Amino acid sequence: MAIIEIQNLRKTFRSGDVDVHALRGVNLLVNPGEFLAVVGRSGSGKSTLFHILGGLTPPTSGTVKIDGQSLTELDEAGRTRLRRNSVGFVFQKYNLLPTLTIRDNINIARDIAGRSEPWDAAFLEVVELLGIAQKLDRKPRQLSGGEQQRVAIARAIVNQPAILLADEPTGNLDTENSNMVLDLLRHLNKKTGQTVLMITHDPEAAAFADRTVQMRDGELHSA
Amino acid sequence: MVYKLVYENLKHRPVRTLLSSLAIGLGVTMMLALVGVGEGMLEDQANRARGAGADLVVRAPGSSVVGMGSLSMNQKILDYVRARPHVTLATPIGIHSTGGVSSIMGINYDEFAAMSGGFRFREGGRLTAPDDVIIDDLYAREKKLKVGSLLHTMNRDWRVSGIFASGKLARVMIPLTVLQELASANGKITMIYVKLDNPANTQAVIDTMKQDLPEYPIYAMEELIKQFSVNNLPELKAFIGVVVSLAVLFGFLVVFLAMYTAVLERTREIGILKALGAGPGYVLGILLRETVLLAIIGSLCGIAMSYGTRWLIATFIPASMVQAIVYSWWPIASLITLAGAILGVLYPALKAARQDALDSLSYD
């Protein structure tokens with residue numbers, strides 16, 4: 001069974017007096033443990049797809065299921081629960097809380113999910129793998145962009161979400177750091193079976209995924 | 001975890017945290033200083049009344065129990081009082097207001113000294129000439145007066161003949177006859193202080209006097225001292241009410257501004273928390289806890305600053321005002337401030353809780 005099922009998904013925004021059709025009947029199936037890249041230019045609708053899958057905005061029509069859970073009928077509280085339990089985000093701008101240490105940036109995601117137990121061995125291994133184990137007591141500003149993005153990845157998977165959504169995760173990084181982050185995403189995907197859906201405009205980044213789909217004018221096409 | 005975030009948020013902006021706490025603290029200080037001055041002055045007045053050494057007091061008809069009073073009682077009453085059984089000494093007192101809460105007291109020096117156990121002069125000595133004045137050490141310090149200095153009051157100059165240790169009913173004393181003349185109130189006094197052969201006879205003497213002088217308020221000294229309470233001063237109670245309201249408003253405005261700015265500044269961070277799955281309650285909880293912590297720090301600052309106001313008063317105007325530290329008002333002032341702070345955070349916190357996660361994440 002697919003972990004992400006999207007059927008005829010549409011999203012229309014109202015911009016002034018004009019309706020903007022960001023998604024025009026998107027269909028997509030993503031299998032558990034798959035690493036999928038959604039590639040498209042700016043304005044193609046890929047970020048809208050990301051926001052709907054992450055429960056950050058509701059769809060206008062169509063069906064979206066994550067891990068069997070339908071997003072279409074979810075209200076704001078339901079979408080909040082979805083973000084808390086089923087989805088992990090990695091953003092282009094890292095989005096770490098500047099006042100907290102790296103350890104606490106990760107722990108706050110656990111706190112929000114109502115989990116207080118210490119990190120398990122598997123997660124400690126991931127922290128080692130991400131190369132941030134020695135920097136847990138530092139503040140984000142003391143880390144490079146690549147390191148901050150690796151912390152964001154750790155935070156995104158600390159609650160073992162059904163899917164990891166990454167929106168242009170290498171958009172702010174140089175080539176060396178980009179490759180390192182993408183390598184890590186792929187490694188995590190292979191090692192832990194974490195489903196990853198990555199939005200990117202960069203074909204080189206997309207090459208790290210198992211499968212790539214193209215987003216054009218609000219519609220998905222196989223690459 | 002939330003407390004850590006709250007603590008780090010406050011630590012992250014130390015100047016704002018400090019200024020907000022001090023501003024919140026000012027409200028607490030306002031309340032504590034006012035209540036402290038009210039209590040302190042009444043306590044000081046009670047101590048000085050006790051220092052007169054009398055067992056009972058006869059006041060003019062219609063006079064307030066804790067008010068200064070005026071020269072309105074016929075001095076002939078004194079003869080009646082002196083003739084009562086058990087009365088060993090009765091001395092007339094005249095009080096004349098010199099503006100605000102300041103007054104000057106007229107005494108029969110020898111009688112008053114005998115009743116009060118004598119003045120302890122720090123400098124100089126007794127009243128001798130008609131234009132002599134004796135003052136207590138606090139008044140001397142506040143007005144920077146020494147023996148021989150001239151004190152201008154009641155439209156004339158007085159020569160300071162002695163400076164006595166405070167605690168003897170009044171801070172400024174002149175001969176009663178001179179006071180009566182200057183106030184055009186010859187034969188009039190404000191009250192009579194009475195010493196008995198045995199304090200145990202106080203109630204019996206009062207009962208007898210009340211039968212003969214039904215319209216005169218007559219109090220045992222201890223009973224009179226008990227009347228020196230804020231509860232017997234409705235004007236002060238009303239003023240405290242006004243200051244409490246101002247303090248609530250103050251706390252509300254300070255927290256409203258501080259937290260409104262904080263919410264705007266942290267829009268993106270609120271978006272991050274929401275993206276991680278934080279619900280409105282979680283965000284609300286962070287801001288409420290931050291406010292409670294600010295109010296607690298502010299209250300502690302306010303309590304500390306109330307010691308500062310006490311020091312300022314004791315240093316610069318020791319004779320005009322006395323501020324007590326009223327411990328029982330610490331929790332009251334803190335809770336009032338907390339209430340104002342919580343009212344102040346409600347709108348910013350609700351705004352933050354309702355913020356759209358996506359819009360917040362897009363905020364730069």
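Residues take numbers from 1 onward in each chain, read along the sequence in its written order. Chain labels run from A onward and ligand labels from 1 onward, assigned in the order the entries are written. Local features are withheld for residues below a pLDDT of 70 in this predicted model, meaning they are given only at 70 or higher, and side-chain atom pairs are given and counted only at 80 or more; totals for whole chains, interfaces and linings count all residues.

Asks: I'd love a proper account of the overall build of chain B, names of residues and values included.
Replies: Every helix listed is a DSSP run of H or I at least four residues long, and every strand listed is a run of E at least two residues long, numbered separately from the N terminus. In terms of regular secondary structure, chain B is built from 13 helices and twelve strands. The globule rule used here is 2.2 Å times the number of residues to the 0.38 power, and the radius of gyration it is set against is calculated over C-alpha atoms. For a compact globule of 364 residues, the expected C-alpha radius of gyration is about 21 Å, and chain B comes in at 29 Å, more than 25% above that figure. Seen through its C-alpha atoms, chain B measures out along the principal axes to roughly 90 × 45 × 30 Å. Three exposure classes are used. Buried residues have 20 or more other C-beta atoms within 10 Å of their own C-beta, exposed residues have 12 or fewer, and partly exposed residues fall in between, all C-beta atoms being placed from the backbone. In chain B, which comprises 364 residues, the share counted as buried stands at 43%. Any pair of residues counts as being in contact when their C-beta atoms, constructed from backbone geometry, are within 7 Å of one another. For chain B, contacts bridging at least 24 residues in sequence account for 84% of all contacts bridging at least 6.

Asks: How would you explain the overall build of chain A if you had to name every residue and give the values?
Replies: In terms of helices and strands, chain A carries seven helices and ten strands. Here the C-alpha radius of gyration of chain A, 17 Å, is about what a compact globule of 223 residues would show, namely 17 Å. Here the C-alpha coordinates of chain A stretch approximately 50 × 40 × 35 Å along the principal axes. Considering only intrachain contacts with a sequence separation of at least 6, the fraction spanning at least 24 residues in chain A is 72%.

Asks: Just give me the short version of the interface of chain B and chain A, but keep the residues and values in it.
Replies: Listed per partner, the contact involves 18 residues of chain B and 20 residues of chain A. Put simply, the parts of the chain that give the side of chain B that touches chain A at least two residues each are helix H1 (2-12), helix H10 (267-275) and helix H13 (357-361) of chain B. No other element matches the six residues that H1 of chain B contributes to the side of chain B that touches chain A. Of the residues contributing to the side of chain B that touches chain A, the split by class is eleven nonpolar, four polar and three charged. Any residue outside Ala, Val, Leu, Ile, Met, Phe, Trp, Tyr, Cys, Pro, Asp, Glu, Lys and Arg is labelled polar, Gly included; the first ten of those are nonpolar and the last four are charged.

Asks: Kindly report on the nonpolar core, identifying the contributing residues and their values.
Replies: Buried Ala, Val, Leu, Ile, Met, Phe, Trp, Tyr and Cys residues whose C-beta atoms connect them within 7 Å together make up a nonpolar core. Counting residues in hydrophobic clusters, the biggest one holds 112 residues, and the most contacted among them are Ala154 and Leu197 of chain A together with Met31 of chain B. In terms of residue count, helix H9 (residues 234-265) of chain B provides more of this core than any other element does, eleven residues in total. With sequence-adjacent residues up to four places away left out, Leu197 of chain A is seen in contact with Ile4, Val30, Leu36, Val38, Leu53, Ile163 and Leu165 of chain A. Ala60, Leu127, Ile134 and Ile174 of chain B belong to the second largest nonpolar core, which has 52 residues in total.

Asks: Can you tell me about the sheet that holds strand E9 (residues 211-216) of chain A, naming the residues and giving the values?
Replies: Residues and elements named next belong to chain A. Here we have six strands laid out as an open sheet, ordered E6-E7-E8-E3-E9-E10, and mixed in their pairing. With partners counted over all chains shown, the strands left at the sheet margins are strand E6 (87-90) and strand E10 (219-222), one partner each. Adjacent strand axes in the sheet meet at a mean angle of 25°, parallel and antiparallel pairs treated alike. The pairing criterion is simple: DSSP has to find at least two bridges between the two strands. Summarising the sheet, strand E7 (residues 163-167) and strand E8 (residues 195-200) pair through five bridges and their orientation is parallel. By the bridge assignment for E8, Leu164 is matched with Val196. In this description, a line fitted to the C-alpha atoms serves as the axis of each element, helices being fitted only across the stretch in contact, and the angle between N-to-C directions of two axes falls anywhere from 0 to 180 degrees.

Asks: Break down helix H12 (residues 329-354) of chain B for me, with residues and values.
Replies: Here a helix's expected span is defined as the number of its residues, less one, multiplied by 1.5 Å. Taking 1.5 Å as the rise per residue, H12 of chain B with 26 residues should run 38 Å; its terminal C-alpha atoms sit 37 Å apart, in good agreement. The sharpest bend along H12 of chain B measures roughly 35° and falls at Leu346 of chain B, with the proline Pro348 of chain B sitting one to four residues further on. The quantity called bend is, for any residue, the angle between two axes fitted respectively to the seven residues ending at it and the seven beginning at it.

Asks: Got a sec to walk through the environment of Lys210 of chain B? Specific residues and values, please.
Replies: Residue and element names in this part refer to chain B. Relative to the helices and strands, Lys210 is located in helix H7 (residues 202-212). Classification of Lys210 as partly exposed rests on a count of 14 C-beta atoms within 10 Å. Along the backbone, Lys210 and Val58 are 152 residues apart, and their C-alpha atoms lie at a distance of 9.8 Å.

Asks: Describe in detail the domain arrangement of chain B, supporting the description with residues and values.
Replies: Residue ranges assigned to the domains are those given by an automatic or database domain assignment. As assigned here, chain B comprises domain 1 (2-43 + 233-361) and domain 2 (61-216). One C-alpha centre belongs to domain 1 of chain B, the other to domain 2 of chain B; they are set 46 Å apart.

Asks: Describe the sheet that holds strand E5 (residues 69-70) of chain A, and please don't skip the residues or the numbers.
Replies: Residues and elements named next belong to chain A. Taken in spatial order, the four strands line up as E2-E1-E4-E5 in an open sheet, and their pairing is antiparallel. Both edges of this open sheet fall to strand E2 (18-30) and E5, since each of them pairs with a single strand only. Bridge count for strand E1 (residues 4-15) against strand E4 (residues 61-66) is five bridges, and the pairing is antiparallel. Each residue of the ladder has a partner; that of Ile4, found in E4, is Ile66.

Asks: Got a sec to walk through helix H1 (residues 46-53) of chain A? Specific residues and values, please.
Replies: Burial analysis of H1 of chain A places eight of its eight residues in the buried class, the great majority of the element. All buried positions along H1 of chain A are accounted for by Lys46, Ser47, Thr48, Leu49, Phe50, His51, Ile52 and Leu53 of chain A.

Asks: Summarise the environment of Ala324 of chain B; cite the residues concerned and give the values.
Replies: With respect to the helices, strands and loops of the structure, Ala324 of chain B is situated in the loop between helix H11 (280-316) and H12. The contact partners of Ala324 of chain B, leaving out residues within four places of it in the chain, are Gly36, Glu39, Gly40 and Glu43 of chain B.

Asks: Just give me the short version of the pairing of strand E3 (residues 87-99) of chain B, but keep the residues and values in it.
Replies: Residues and elements named next belong to chain B. Relative to strand E11 (residues 191-196), E3 runs antiparallel, the two sharing six bridges. Each bridged residue has a counterpart across the sheet, and for Val87 the counterpart in E11 is Leu196. Here E3 pairs with strand E4 (residues 102-107) via six bridges, running antiparallel. Bridging from a neighbouring strand, His96 pairs with Ile104 of E4.

Asks: Tell me about the packing of H11 of chain B against H12 of chain B, and name the residues and values.
Replies: Residue and element names in this part refer to chain B. The geometry of H11 relative to H12 is characterised by a closest axis approach of 8 Å and an angle of 150° between their N-to-C directions. Taken together, H11 and H12 sit at an angle that is classed as roughly antiparallel. For the pair H11 and H12, the crossing hand works out as right-handed. Geometric relationships in this document are graded by angle, where less than 35 degrees denotes roughly parallel, more than 145 denotes roughly antiparallel, 65 to 115 denotes roughly perpendicular, and other angles denote oblique. Each crossing gets its handedness from the near helix: less than a right angle anticlockwise from the far helix is left-handed, clockwise is right-handed.

Asks: I'd like a rundown of unusual backbone geometry, residues and numbers included.
Replies: Backbone geometry follows two general trends: most residues other than glycine have a negative phi, and most peptide bonds adopt the trans configuration. With a phi angle near 55°, Asp67 of chain A is a residue other than glycine that sits in the positive phi range. Assignment of secondary structure puts Asp67 of chain A in the loop between E4 and E5. Positive phi, close to 60°, is recorded for Asn155 of chain B, a residue that is not glycine. For Asn155 of chain B, a count of 6 C-beta atoms within 10 Å corresponds to the exposed category.

Asks: Before we move on, can you summarise the packing of helix H2 (residues 14-50) of chain B against H9 of chain B with the specific residues and values?
Replies: All names here are of chain B. Between H2 and H9, whose axes approach to 10 Å, the crossing angle comes to 175°. On the basis of their axis angle, the class for H2 and H9 is roughly antiparallel. Every residue of H9 that contacts H2 at Arg16, Ser20, Ala23, Ile24, Leu26, Gly27, Val28, Met30, Met31, Leu34, Val35 and Gly38 is listed here: Leu236, Ile240, Val243, Val244, Leu246, Ala247, Phe250, Gly251, Val254, Val255 and Ala258. Looking at the contact of H2 with H9, its residues break down into 18 nonpolar, four polar and one charged.

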